[in-house]
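# Observations on the model geometry
Residues per chain, in single letters:
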Amino acid sequence: MSETRFVEYGAKWTALLYGPLFAVVGYLAELATGATHTVAWVLVGIGLAAITAPWIYARRRFLTVRVTTTELLQGRESLPLSQIAEVDDVGAPTGARVLGGGWSTPRKYDELPLRLEDDTVVLAWAQDVTALRDALRRT
């Protein structure tokens, strides 16, 4: 079993609570003003949670970054750490392949160019690139 050295989830499941909390606040505001629509607010809370769940699932599946003792996992792609030759001071050439299966680095994520054993450069990505670099250095 390999030990996890770094993990960054695309989204947390606690975001599923935002919709129901909004519904509770709406219900309490209605309660303070008089007439309440309890069933409507319950349906709003359930509906918001229902449309948030696939969003969270997709972000966790495609935007999670994990470094274990044996591999770097970026979204849907796995790269063995033994293939990484250099982490520091690697320039990113135009057209470098982005890890994770996307066409470009995801929005709000920073790039980390990695030189592989076959002398190609790929782009890893994370929100905290410094922590990712540190985790990759410890291999």
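You'll find the structure just up there.
Now for a quick tour of the structure. (Residues numbered from 1 in each chain as written. Predicted model: local features only at pLDDT ≥ 70, side-chain atom pairs only at ≥ 80, totals over all residues. Heavy atoms only, no water.)

### A closer look at the nonpolar core
What counts here: Residues grouped as a nonpolar core are buried Ala, Val, Leu, Ile, Met, Phe, Trp, Tyr and Cys residues, joined through side-chain atoms within 4.5 Å. Only protein chains enter the calculation, and the probe is 1.4 Å; a residue is then buried if its accessible area is under 20% of its type maximum, exposed if over 50%, and partly exposed in between. The numbering of helices and of strands both runs from the N terminus, where a helix is a DSSP run of H or I of at least 4 residues and a strand a run of E of at least 2. Residue contacts are defined here by distance: any two heavy atoms, one from each residue, within 4.5 Å place the two residues in contact.
In this structure, Val67, Leu72, Ile84, Leu112, Leu114, Leu132 and Leu136 are the most contacted members of the largest nonpolar core, which totals 25 residues. For this core, the secondary structure elements donating two or more residues are strand S2 (65–68), strand S7 (110–116), strand S8 (121–126) and helix H3 (129–137). Ranked by the residues each element gives to this core, the list is headed by S8, at 5 residues. Other than its neighbours up to four places away in sequence, Leu112 contacts Val87, Val122, Leu123, Ala124, Val129, Leu132, Arg133 and Leu136.

### With respect to the sheet that holds S7
In a beta sheet, neighbouring strands are held together by backbone hydrogen bonds and run either parallel or antiparallel to one another. Threshold: Pairs of strands are assigned from DSSP output, requiring at least two bridges between the strands. Only the stretch in contact is used when fitting a helix axis, every axis being a line fitted to C-alpha atoms; angles between N-to-C directions are given from 0 to 180 degrees.
The mixed open sheet is built from 4 strands, whose spatial order is S5-S7-S8-S6. The strands lining the two open edges of the sheet, one partner per strand, are strand S5 (84–86) and strand S6 (97–98). Relative to the sheet, H3 contacts S5, S7 and S8, its axis offset from that of S7 by approximately 20 degrees.

### Let's talk about the packing of helix H1 (residues 18–33) against helix H2 (residues 38–62)
In plain terms, the rule: Small angles under 35 degrees read as roughly parallel and large ones over 145 as roughly antiparallel, with 65 to 115 read as roughly perpendicular and the rest as oblique. Left-handed is the label given to a crossing in which the near helix is rotated counterclockwise from the far helix by less than a right angle, and right-handed is the label when the rotation is clockwise. Side-chain classes are defined by residue name, with Ala, Val, Leu, Ile, Met, Phe, Trp, Tyr, Cys and Pro counting as nonpolar, Asp, Glu, Lys and Arg as charged, and the others, Gly among them, as polar.
Between H1 and H2, the shortest axis-to-axis distance is 7 Å and the interhelical angle comes to 160 degrees. On the basis of the axis angle, H1 is roughly antiparallel to H2. You can see that H1 and H2 cross each other, and the crossing is right-handed. When H1 is examined against H2, the residues Gly19, Pro20, Phe22, Ala23, Gly26, Tyr27 and Glu30 are found in contact with a partner set consisting of Thr38, Trp41, Val44, Gly45, Leu48 and Ala49. Of the residues that constitute the contact of H1 with H2, the class distribution is 8 nonpolar, 4 polar and 1 charged.

### A word on the pattern of salt bridges
The condition that has to hold: The working definition used for a salt bridge is a side-chain nitrogen of Lys or Arg within 4 Å of a carboxyl oxygen of Asp or Glu.
Tallying each qualifying case throughout the model produces 6 salt bridges. Between Glu77 and Arg97 there is a salt bridge whose closest N-O contact spans 2.7 Å. Of this pair, Glu77 sits in strand S4 (residues 77–80) while Arg97 sits in strand S6, placing them 20 residues apart in sequence. For Arg97, a relative accessible area of 41% translates into the label partly exposed. Between Arg137 and Asp134 there is a salt bridge, with the nearest N and O atoms lying 3.0 Å from each other. Taken together, the positions of Arg137 and Asp134, both in helix H3 and 3 residues apart, correspond to about one turn of that helix. Look at Asp134 and you get partly exposed, because its relative accessible area is 35%. One network of salt bridges, with partners in common, ties together Asp88, Arg133, Asp134 and Arg137.

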